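Given next are the chains, with one letter for each unit.
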Amino acid sequence: MGSAAGGIELDIFQAARAGDCALLARLLQNGADLNACDRWDSIPLYYACLAGHDDAVRMLLEAGAVCDDSTFEGERCYRAALNLGIRRILCEYESRPRPLRPLPLAPFPAALRSAFLACPANRVGADSTPTSSTDAAGADQLWPAPPDITLYVQGRPIEAHRVILAARSPYFRTKLATEWRNRKEVTFSSSHSLSFKLMHGLVDFFYSDRCEVPAEDLEDLARICKACKCKGILEMVNRLISHKRRREELDRQYSQKPFVLQGRSMDRAADRLPSALRRILHDSLANSREEDLHNNELLETCGTSKYNDLADVCIKVDDRIFRCHQLILTLRSEYFKTRLSRRTDFLHSNGGELPLLEEHDVSAEAFEKMLEYVYTDELDHLGDDPLSLAEELFDIASRYLLFPLKRVVADLLLPHLHLDRVSSAELCRWLMLSDIYDVAKVREHCLDIIDCNFEAFAESREFRAFASDASVTVWRRRVTNECAS
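Everything numeric in this text was worked out from a predicted model, so none of it was measured.

Participant: Teacher, can you tell me more about the environment of Ala-311 here?
Facilitator: Structurally, the position occupied by Ala-311 is in the loop between helix 15 (298-301) and strand 6 (313-317). On the basis of relative accessible area, Ala-311 is assigned to the buried category, the value being 11%. The spacing of Ala-311 and Leu-327 is 16 residues in sequence and 9.9 Å in space, taken between C-alpha atoms. With sequence-adjacent residues up to four places away left out, Ala-311 is seen in contact with Arg-323, Cys-324, His-325 and Leu-354.

Participant: Would you mind going over helix 7 (residues 107-117) with me for this structure?
Facilitator: Every α-helix winds through 3.6 residues per turn, so residues three or four apart in the chain are directed the same way. Counting buried positions along helix 7 yields 9 of 11 residues, so the element is predominantly enclosed. Considered for burial, the residues of helix 7 that qualify are Phe-108, Pro-109, Ala-111, Leu-112, Arg-113, Ser-114, Ala-115, Phe-116 and Leu-117.

Participant: What am I meant to see in helix 22 (residues 440-452) here?
Facilitator: The end-to-end C-alpha distance of helix 22, which contains 13 residues, comes to 18 Å, matching closely the 18 Å that a straight helix rising 1.5 Å per residue would cover. Those residues of helix 22 lying buried are Val-442, Arg-443, His-445, Cys-446, Leu-447, Ile-449, Ile-450 and Asp-451.

Participant: What is the right way to look at the sheet that holds strand 6 in this model?
Facilitator: Paired through their backbone hydrogen bonds, the strands of a sheet run either parallel or antiparallel. Within the open sheet, the 3 strands sit side by side as 7-6-8. Their pairing is mixed. At either margin of the open sheet sits one strand with a lone partner, and together these are strand 7 (320-324) and strand 8 (356-359). Ignoring which end each strand starts from, the neighbouring axes of this sheet average 30° apart. In this structure, strand 6 lies alongside strand 7, joined through 5 bridges in antiparallel fashion.

Participant: Can you walk me through the packing of aromatic side chains in this structure?
Facilitator: One pair of aromatic rings is described through two measures. These are the centre distance and the angle between the planes. Summed over the entire model, instances satisfying the criterion amount to 15 aromatic pairs. Both rings, one in Phe-172 and one in Trp-180, keep their centres 6.0 Å apart while their planes meet at 50°; by these two values the pair is tilted. With respect to class, Phe-172 is no different from Trp-180; both count as buried. Aromatic side chains Phe-336 and Tyr-400 sit 5.0 Å apart centroid to centroid with 40° between the ring planes, which places their arrangement in the tilted category. Pair noted here: Phe-336 is in helix 17 (residues 334-342) and Tyr-400 is in the loop between helix 19 (386-399) and helix 20 (403-413), with a separation of 64 residues, a long-range link. On the accessibility criterion, Phe-336 (1% relative accessible area) is buried. Counting every residue linked through ring pairs, the aromatic cluster contains Tyr-171, Phe-172, Trp-180, Phe-188 and Phe-206. In this structure, Arg-17 packs its charged tip against the face of Tyr-47, placed 4.4 Å from the ring centre.

Participant: Is there a simple way to think about unusual backbone geometry in this case?
Facilitator: The general pattern is negative phi for most residues beyond glycine and trans for most peptide bonds. Backbone geometry at Asp-318 places phi at a positive 55°, although glycine is not the residue there. In this fold, Asp-318 is placed in the loop between strand 6 and strand 7. Although it is not a glycine, Asp-361 sits at a positive phi angle of roughly 60°.

Participant: What is the right way to look at the side chain of Lys-175 in this model?
Facilitator: Along the chain, Lys-175 turns up in helix 10 (residues 170-177). At 2.8 Å, the side chain of Lys-175 forms a polar contact with the side chain of Glu-179. If we ignore the near neighbours within four places in the chain, the residues touching Lys-175 are Trp-180 and Arg-181.

Participant: What is the right way to look at the sheet that holds strand 3 (residues 185-187) in this model?
Facilitator: Strand order in the open sheet formed by 3 strands is 2-1-3, with mixed pairing between adjacent strands. A single partner strand is all that each edge strand has here, and the edge strands are strand 2 (156-160) and strand 3. Strand after strand, the sheet turns through a mean of 25° between neighbouring axes, direction not considered. Looking at chain direction, strand 1 (residues 149-153) and strand 3 are connected through 3 bridges and run parallel. Across the sheet, residue Thr-150 finds its bridge partner in strand 3, namely Glu-185. Sitting on the sheet, helix 11 (residues 196-208) touches strand 1 and strand 2, and the angle it makes with strand 2 is about 10°.

Participant: Could you clarify how one ought to interpret the environment of Leu-382 in this entry?
Facilitator: For Leu-382, the position within the fold is in the loop between helix 18 (364-376) and helix 19. When the C-alpha positions of Leu-382 and Leu-412 are compared, they lie 7.0 Å apart, and in sequence the two are 30 residues distant.

Participant: Hey, could you run me through the packing of helix 19 against helix 21 (residues 424-436) in this one?
Facilitator: For any two helices packed against each other, one specifies the inter-axial angle together with the distance between the axes. At their nearest, the axes of helix 19 and helix 21 sit 12 Å apart, and the two run at 10° to each other. On the basis of their axis angle, the class for helix 19 and helix 21 is roughly parallel. Residues Leu-387, Ala-390, Glu-391 and Phe-394 of helix 19 pack against Glu-426, Arg-429, Trp-430 and Leu-433 of helix 21. Tallied by class, residues from the contact of helix 19 with helix 21 come to 5 nonpolar, no polar and 3 charged.

Participant: Can you help me understand the state of the cysteines in this one?
Facilitator: Two cysteines form a disulfide when their sulfur atoms are joined by a covalent bond. Counted according to the given criterion, the structure contains 0 disulfides. In this model Cys-324 remains outside any disulfide bridge; the closest cysteine sulfur is found in Cys-314, 7.6 Å from its own. Owing to a relative accessible area of 0%, Cys-324 belongs among the buried residues under this scheme.

Participant: So what exactly am I meant to see when it comes to the side chain of Ser-114 here?
Facilitator: For Ser-114, the position within the fold is in helix 7. For Ser-114, the side chain forms a polar contact with the main-chain oxygen of Ala-110, separated by 2.8 Å.

Participant: Any chance you could explain the pairing of strand 1 here in plain terms?
Facilitator: Each regular strand shows side chains that alternate between the opposite faces of the sheet. With 4 of 5 residues buried, strand 1 lies mostly within the body of the structure. Pairing of strand 1 with strand 2, which is carried by 5 bridges, proceeds in the antiparallel orientation. Directly across from Val-153, in strand 2, lies its bridge partner Arg-156. Taken together, strand 1 and the strand that follows it, strand 2, pair antiparallel across an intervening segment of 2 residues, in which Gln-154 is found at a positive phi of about 55°.

Participant: I tried to follow the nonpolar core on my own but got confused; where do I start?
Facilitator: The tendency in soluble globular proteins is for nonpolar side chains to be buried side by side. In this structure, Leu-112, Ile-233, Phe-367, Met-370, Leu-371, Trp-430 and Val-442 are the most contacted members of the largest nonpolar core, which totals 111 residues. If we ignore the near neighbours within four places in the chain, the residues touching Phe-367 are Ile-315, Val-317, Phe-322, Phe-336, Glu-359, Val-362, Ile-396 and Tyr-400. Counting residues in hydrophobic clusters, the runner-up holds 29 residues, among them Ala-16, Leu-24, Ala-65 and Tyr-78.

Rules of the game
Residues numbered from 1 in each chain as written. Predicted model: local features only at pLDDT ≥ 70, side-chain atom pairs only at ≥ 80, totals over all residues. Heavy atoms only, no water. Helix = DSSP H or I, 4+ residues; strand = E, 2+ residues; numbered from the N terminus. Buried < 20%, exposed > 50% of the residue type's maximum accessible area, 1.4 Å probe, protein only. Contact = heavy atoms within 4.5 Å. Expected span 1.5 Å × (residues − 1). Pairing = 2+ DSSP bridges. Axes fitted to C-alpha atoms, helices over the stretch in contact; angles between N-to-C directions. Phe/Tyr/Trp six-rings, centres within 6.5 Å; stacked < 30°, edge-to-face > 60°. Lys NZ or Arg CZ within 6 Å of the ring centre and 35° of its normal. Polar contact = N/O pair within 3.5 Å; in protein donor to acceptor, adjacent residues only side chain to side chain. Parallel < 35°, antiparallel > 145°, perpendicular 65-115°, else oblique. Nonpolar A, V, L, I, M, F, W, Y, C, P; charged D, E, K, R; others polar. Disulfide = S-S within 2.5 Å. Core = buried A, V, L, I, M, F, W, Y, C linked by side-chain atoms within 4.5 Å.

In structure tokens:
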């Protein structure tokens, strides 16, 4: 909070708590983030509601403070309101059309939703226009991983990918592994009483962890979630139903706006999109290891349909066969999108049902870690030899055009790059590697350590032999810091 921006954020919490509208107006004009959270995960609007400052609440709402009744922040503000007057202001605001566009999705869910809406049938089914230019990218977004199943609800099609349906719904996973295993189309009879609009919205949520549902349709959506065995989504919808009923009891004239279902509002992280894809990845890797046990017949058995992981491509790395999903690889990496599109350099397997690619100059351990990031957007750890694995992952990130992976690896690597863990020579080596792989965070970290221990490094033979350019960079920085102080 020592920076100017931090001071502004601190002041906006104090101003909201005190109901100081003049200070609030100045802070907002100077660019204060009115939806910032403090150390207690509270936003300025929460404090204004808690203290009962009507004018401050109105000012924050008019300026765009988040008060969506389907979000954690909105629910908190409503419950913390000092009096019914504050609650009426919140209800009044909620009944208006939303003044701001919804917050953008994270890159991976946004790419998945783009793939869903790239299908012409799904774009027609959507109630709203695409949320970003990438949503309208067209069929090229899907190649080489077009939808592999079509659901017909009330006679209208919803095109989808088996891997997404299976990842998000136990019902779909069981059906796709049994009676729907070889089917390209599934028609739900009228006896199911399914709404096309709600099923379309639910599948949209499967892809992106977000969808909009009219308030009057929440009960019907709950029935669909129960039938699809989507326990986490069902619990979230039931909470919204209870919330809607409380609002109606408070104000019978209240007109509910659509609710926004968001994955981050689910109680258990295990029910959200990243965890769902992690389960699919876990099954695929387990099956990959099983195939590895039979590597004498590797190419002959690769890609058989005995597994239920819904893999549609195999990748050979060293002596391992990784069972993967073209949709995920295509959306995450332009390298894989291009390579899978060619369909000319697949290996031929005797009896295998899935296409087989081979990757060279990469270890199976590093490739598995790369898949963990591709499927889940995160890495848990760097294994027993973090320095070696990090170096290989930086190379993989550059090769496969997975540049955000570098930032994730850097965050895990930095705790290992300290003089009490590595030698000065190794630190100099990582300074060089940070330039090679263009990882600014690692470069700055190494320079900070060298800067703080410059005399020790300057006397080191490895540092003198490292490169004169690095020494000049550190020296200039050191002189600049001394002059500034």
